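# Residue-level structural notes
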Amino acid sequence: MAYSGGKDSEVCLELCRRAHIPLEVIHHLTTADAPETIYHVQNVFRQLELEGIACAFHKPLYRGKPTSMWSLIVQKGWPPTRKQRYCCQVLKESGAPHRAVALGVRAAESQNRKDSAVAEQQGSSRREVQRFDFDNGDERIVAPCQQKAEIKIHPIVDWSDSDVWSFLRDAKVDVNPVYNLGFQRVGCVGCPMAGKVRYREFRVWPAFEKLYRTAFDKMLHRRWAEGKLNSWHSADEVFRWWMEDRNVTGQLDLFGGEVGLPT
């Protein structure tokens, strides 16, 4: 099971425990998680290991070598954005060949996940994903399992936010303390998908803003050294563009088009 320390994976973990199925719990180290998240995962893992459940931290690799959010930005040559989410692919979605992986994916989370099913066999593109629905008596999932393919299981795909929180309250599950700080999501600090909430994240965890700025500075110097077109002149410009700051006008994206900043 992939355990992020967020509310959805918390529900999946509790369901797996109640089902008494053999499992291994894995946390993908993104290197950009809040300290509270890491401490929470460590505490959960200690309890699970006392129960005889195997746990492991998965360290990210890029092109076969250890990496991090900060080195990945430099290697990719541009910041992660809503449309260019290379960070998720490398840091959180590394494959698990020949395994069935339980995930806290919910259709209500986003437009991209609205067509998610109870179980999926991955393909090279979204069109090639095979979806299976046990509620309809769909037993085709047996075939890919026999082929030793990776299968993703989404036990709470049709749950709402209220379903999740009601279950956690009834089950008396200790949730990530990040929620107690008033945040609605648990994930990488500074994730572009969080929108304007990032301003508050950087006020709570200022060290992460420094890490992003340092990574952007190294990214720029690498781009200059490689002779790549670049309309940014400093890490501060990159950071303000990345945060969608209106003070940066006429900024060009990496492909030469003018970026439409929010009004």
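What you see is a predicted model, and the numbers here were worked out from it, not measured in a lab.

Rules used in this analysis
Residues numbered from 1 in each chain as written. Predicted model: local features only at pLDDT ≥ 70, side-chain atom pairs only at ≥ 80, totals over all residues. Heavy atoms only, no water. Helix = DSSP H or I, 4+ residues; strand = E, 2+ residues; numbered from the N terminus. Buried < 20%, exposed > 50% of the residue type's maximum accessible area, 1.4 Å probe, protein only. Contact = heavy atoms within 4.5 Å. Areas by Shrake-Rupley, 256 points an atom, 1.4 Å probe, with all protein chains shown as cover. Core = buried A, V, L, I, M, F, W, Y, C linked by side-chain atoms within 4.5 Å. Phe/Tyr/Trp six-rings, centres within 6.5 Å; stacked < 30°, edge-to-face > 60°. Polar contact = N/O pair within 3.5 Å; in protein donor to acceptor, adjacent residues only side chain to side chain. pLDDT = per-residue confidence, 0-100. 1 Å grid on protein atoms, 1.4 Å probe; cavity = no way out; pocket = protein on both sides within 12 Å on 5 of 7 lines; lining within 4 Å. Points joined across faces, edges and corners; volume = space filled by probe spheres on them. Nonpolar A, V, L, I, M, F, W, Y, C, P; charged D, E, K, R; others polar. Arc of directions from axis to C-beta. Pairing = 2+ DSSP bridges.

## What to know about the overall build of the chain
- Counting secondary structure elements, the chain contains 10 helices and eight strands.
- Here the chain holds 263 residues, and the buried ones make up 43% of them.
- In the chain, the proportion of contacts linking residues at least 24 apart, taken out of those at least 6 apart, comes to 58%.
- Summed over its atoms, the accessible surface of the chain is roughly 15,000 Å², and 51% of this surface lies on carbon and sulfur atoms.

## Observations regarding the nonpolar core
- Ranked by internal contacts, the top residues of the largest apolar core, which has 34 residues, are M69, I73, F202, Y212, F216 and W242.
- If you tally residues by element for this core, the top one is helix α9 (residues 206–225), at six residues.
- Setting aside residues no more than four positions away along its own chain, F216 makes contact with I73, P79, A235, V238, F239 and W242.
- Judged by nonpolar contacts, the second largest core, of 21 residues, contains Y3, V41, F45 and V173.

## Overview of the packing of aromatic side chains
- Counted by the stated rule, this structure contains 16 aromatic pairs.
- Between Y3 and F45, the ring centres sit 6.2 Å apart and the planes meet at 40 degrees, which makes this aromatic pair tilted. A residue pair is termed long-range when its members are at least 10 positions apart, and Y3 in the segment before α1 (7–19) and F45 in helix α2 (residues 35–50) qualify at 42 residues. Judged on exposure class, the residue Y3 and its partner F45 are both buried.

## Digging into the environment of S166
- For S166, the location among the structural elements is in helix α6 (residues 161–171).
- From its side chain, S166 meets the backbone oxygen of S162 in a polar contact 2.8 Å long.

## A word on the confidence of the model for the chain
- On average, residues of the chain carry a pLDDT of 83, and 76% of them reach 70 or more.
- The least confident element of the chain, judged by mean pLDDT, is helix α5 (residues 142–146) at 42; the most confident is α2 at 97.
- Below a pLDDT of 50 lies the segment residues 137–148, which in the model reaches 16 contacts outside its immediate sequence neighbourhood of four places, other chains included.

## Here's the deal with empty space enclosed by the protein
- Enumeration according to the criterion identifies one cavity of 30 Å³ or more in this entry.
- Reported here for the largest cavity is a volume of approximately 70 Å³.
- Around the largest cavity, the lining residues are A34, T37, V178, F183, R185, V186, G187, C188, V189, E201 and W205.
- Looking at the lining of the largest cavity residue by residue, the class counts come to seven nonpolar, two polar and two charged.

## Observations concerning α6
- Buried within α6 we find V164, F167, L168 and A171. An end-on view of α6 places all buried positions within 95 degrees of arc, on one side of the element. In α6, the exposed positions that point more than 90 degrees away from the buried face belong to R169 and D170.
- Check the buried side of α6 and you find it contacts α1.

## Some remarks on the pairing of strand β2 (residues 54–58)
- The pairing of strand β1 (residues 24–28) with β2 spans five bridges and is classified as parallel. Its bridge partner lying in β2, E24 is registered against A54.

## Observations regarding the side chain of H28
- Mapped onto the fold, H28 is located in strand β1.
- Overall, H28 belongs to the buried group, its relative accessible area being 16%.
- Among the polar contacts made by the side chain of H28, one reaches the side chain of H58 at a distance of 3.5 Å.

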